[in-house]
Amino acid sequence: MSEDAQGKASFGREIRSALPGTHEHSHFSEPENPNMTVHEIATGFRSGEPLLRKRDYFFGILSWVVWVSWGIYLWWFSDTVLFEYIFGVLVWLVVFIFSVVGVPLVRRTSRNRMQK
Amino acid sequence: VTEAVLTISASDFIVYLQWFLGLFPFVIASLTINSSRQFYLDRLREETQSDLPHLRHLESARKRWPVATIIVPARNEELTLYKTLRSVLEIDWPKLEVIVVNDGSNDTTAQVIHSIKDSRLIVITHQVAQGKAASVNEAIDRACSDLILICDADSIPQNNSLNRMAAHFARHDDVAAVTGNPRLSKLPTFMSKLQAIEFSSTISTLRRGQAAWGRINTVSGIMMCIRADYVKRVGYFDPTQPTEDIELTWRLHRNGYRAIYEPAAQTGMEVPVSFNSWMRQRRRWGAGLAKTLQTHAWPIIKKREWPSFPLLIEGTISVIWCHVLIAMTGLWLLAWALGLPSVGNSLLMGRLGTMNVGIAIVQIFWGMHLDGHRDANIKRLWPLAPLYPLIYWWMSAFVVVISTIPSFFKRRSPIAWTKTSWGYYR
């Protein structure tokens, strides 16, 4: 197979395998020394106290309530132009298409230019 | 005045700016989520052109560099250095050499270093502080290995981190630097909790996204692994840059080398716990990004270095967005204070604002999902998710504005260390 044809095949594979349920999993072992015990590092591992206090929960939950209720009010109970809904859907659609096709395409172009 | 304000608020320019303010975060968050998903998929696959190394690459790296050098630059780090040195001495590698640079400390840092009796420890002492970049450059010249791990004096690297990072050097011969995944060691204040969310939602997700495009913005100074021979070739760290790590990363890219993000190489770190210390740190970061753009943007455009364009565009537009947000909000506040008709960007969220908070929350949960594979605690911060875009974005935009403008007019001179509330962090 020519280099160009190989490139096209791997590009198609990259797009296909990005779709949900089609991921190809590596069978190679990770770069880890099997003879060692890994010391765990996690957020707040040296805190010695609960990550969130009562007041954190209070302000956090309050922010959820404010955002959700304000969003419902703006999008449902106030005057909304149909264009805004269409515009919102279009933006999501463009982003989705770009994520499936555009990102691998631009990545491939970028790699080719780097190799040159 | 009222008429003038009405004219301004109805002008096309203001309308375009409002659309820009509303749409840019949405677009950039969507791109970040989707690109980081590509990065995630790359690491599941077998042999793609991804950057996932395997066990055989680690074995090859260990044969090629049997000795690894670890450099820890420190200035007045008596509170954190002991723990850091203990951690780096436990890093898994056949043979280690640890160089500590005590850069003009005037606290008990020297005693802390000497309290650790280990033949692998080499100490360089500066009577007068020379700055982090100069200290690291000197240590690079003294290192016996080309495989070098550089850690800040408040970091606690996981003992497998060098294995994870070094394998990349054996995977691709053009890799010059690999950066790890910082996790916050302590969350004593509300500010630190918001930063923990930022590190997952923005920093590590954005870095994954950038990695999928082939260019990361920075090989973070908190823990980076470098090939010294390559770094020497491009001229070491620049002591005149406020963020020498960002600038070195861009210089490496521009010289044809790769910089890699390895999320499985984790390190604990400390962050500013108070608002004032956070401001100082972020002003330096903002100034550093501005200075890097000032140094590299025009040459990249002039020489049409296409692979760097996504990074350049994202960095530049992000800075512009912050300026527009603060200017438009300032205009709205002024009009409100003077009792004039509303103009500019209202503090009260509009529809696009609610969408932006929504996509920011999606990004936060996606970041927590990605980091949650190796950091179970990060998901426990979910209740604070909406506060991140509602509060933290404004603070970050403000600090970008006040740091970038002066940095364009400052002359280049060696950068000193900066004091924070938990000691000196650089």
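Every chain's residues receive numbers from 1 upward, in the order its sequence appears when written. All chains are assigned letters beginning with A, and all ligands numbers beginning with 1, in the order in which they are written. With pLDDT at 70 or above as the cut-off, local features in this predicted model cover only qualifying residues; side-chain atom pairs require 80 or more to be listed or tallied, and sums for whole chains, interfaces and linings still use all residues. Water and hydrogen atoms were dropped before computing side-chain values, which therefore reflect all heavy atoms in the structure.

Trainee: What is the right way to read the overall build of chain A from this model?
Mentor: Secondary structure elements follow DSSP: runs of H or I of four or more residues count as helices, runs of E of two or more count as strands, with numbering from the N terminus. In terms of regular secondary structure, chain A is built from three helices and zero strands. For chain A, the α and β elements follow one another from N to C terminus as α-α-α. For chain A, the proportion of its 116 residues judged to be buried stands at 34%. For chain A, the exposed area adds up to about 8,100 Å²; of that, 66% sits on carbon and sulfur atoms. Partly exposed describes any residue whose relative accessible area lies between the buried limit of under 20% and the exposed limit of over 50%, with all areas from a 1.4 Å probe on protein chains only and scaled to the type maximum. Using the Shrake-Rupley algorithm and a 1.4 Å probe, accessible areas are obtained, with residue cover drawn only from the displayed protein chains.

Trainee: Explain the nonpolar core here, please?
Mentor: Nonpolar side chains tend toward joint burial in soluble globular proteins. Membership of the largest hydrophobic core comes to 35 residues, with the highest contact counts inside it found for Leu81(B), Leu85(B), Trp93(B), Leu149(B) and Leu162(B). Here the element with the most residues in this core is helix H7 (residues 161-171) of chain B; it accounts for five residues. Contact partners of Leu162(B), with chain neighbours within four places excluded, come to Ala68(B), Ile91(B), Trp93(B), Leu96(B), Leu149(B) and Cys225(B). The set of buried Ala, Val, Leu, Ile, Met, Phe, Trp, Tyr and Cys residues whose side-chain atoms join them within 4.5 Å is what this entry labels a nonpolar core. Counting residues in hydrophobic clusters, the runner-up holds 32 residues, among them Val103(A), Ile216(B), Ile226(B) and Leu248(B). Whether two residues touch is decided by their heavy atoms; if any such pair falls within 4.5 Å, the residues are in contact.

Trainee: It is not clear to me how the state of the cysteines should be interpreted in this structure. Could you clarify?
Mentor: Covalent bonding between the sulfur atoms of two cysteines defines a disulfide. When the sulfur atoms of two cysteines come within 2.5 Å, that pair is taken as a disulfide. Following the criterion strictly, the structure yields zero disulfides over all chains and no others. In this model Cys151(B) remains outside any disulfide bridge; the closest cysteine sulfur is found in Cys225(B), 9.1 Å from its own.

Trainee: Looking at this model, I keep getting lost on the interface of chain B and chain A. Mind explaining?
Mentor: How large an interface is tends to be reported as the accessible area lost when its parts come together. With 76 residues of chain B at the contact, the number on the chain A side is 67 residues. Here the quantity called buried area is the total loss of accessible area, with a 1.4 Å probe, experienced by two parts when brought into contact, counted for both. Of the roughly 6,400 Å² buried between chain B and chain A, counting both surfaces, carbon and sulfur atoms make up 61%. The term salt bridge refers to a side-chain nitrogen of Lys or Arg lying within 4 Å of a carboxyl oxygen of Asp or Glu. Seen at the junction of chain B and chain A, the total is five salt bridges. Across the pair Glu270(B) and Arg46(A) runs a salt bridge whose closest N-O atoms are separated by 3.7 Å. With twelve residues, helix H2 (residues 12-44) of chain B is the largest single contributor of residues to the side of chain B that touches chain A. Within the side of chain B that touches chain A, the residues separate by chemical class into 37 nonpolar, 19 polar and 20 charged. Each residue gets one label: Ala, Val, Leu, Ile, Met, Phe, Trp, Tyr, Cys and Pro are nonpolar, Asp, Glu, Lys and Arg are charged, and the others, such as Gly, are polar.

Trainee: Would you take a moment to explain the pattern of salt bridges for this structure?
Mentor: Side chains bearing opposite charge may pair, as long as their charged atoms lie close to each other. Residue and element names in this part refer to chain B. What the rule picks out here adds up to 22 salt bridges over all chains. Linking Lys 186 and Glu 270 is a salt bridge whose minimum nitrogen-to-oxygen distance equals 3.9 Å. Taken as a pair, Lys 186 in the loop between strand E6 (175-184) and helix H8 (190-213) and Glu 270 in the loop between strand E8 (258-269) and helix H11 (275-302) lie far apart in primary sequence, 84 residues in all. Glu 270 sits in the buried class, given a relative accessible area of 12%.

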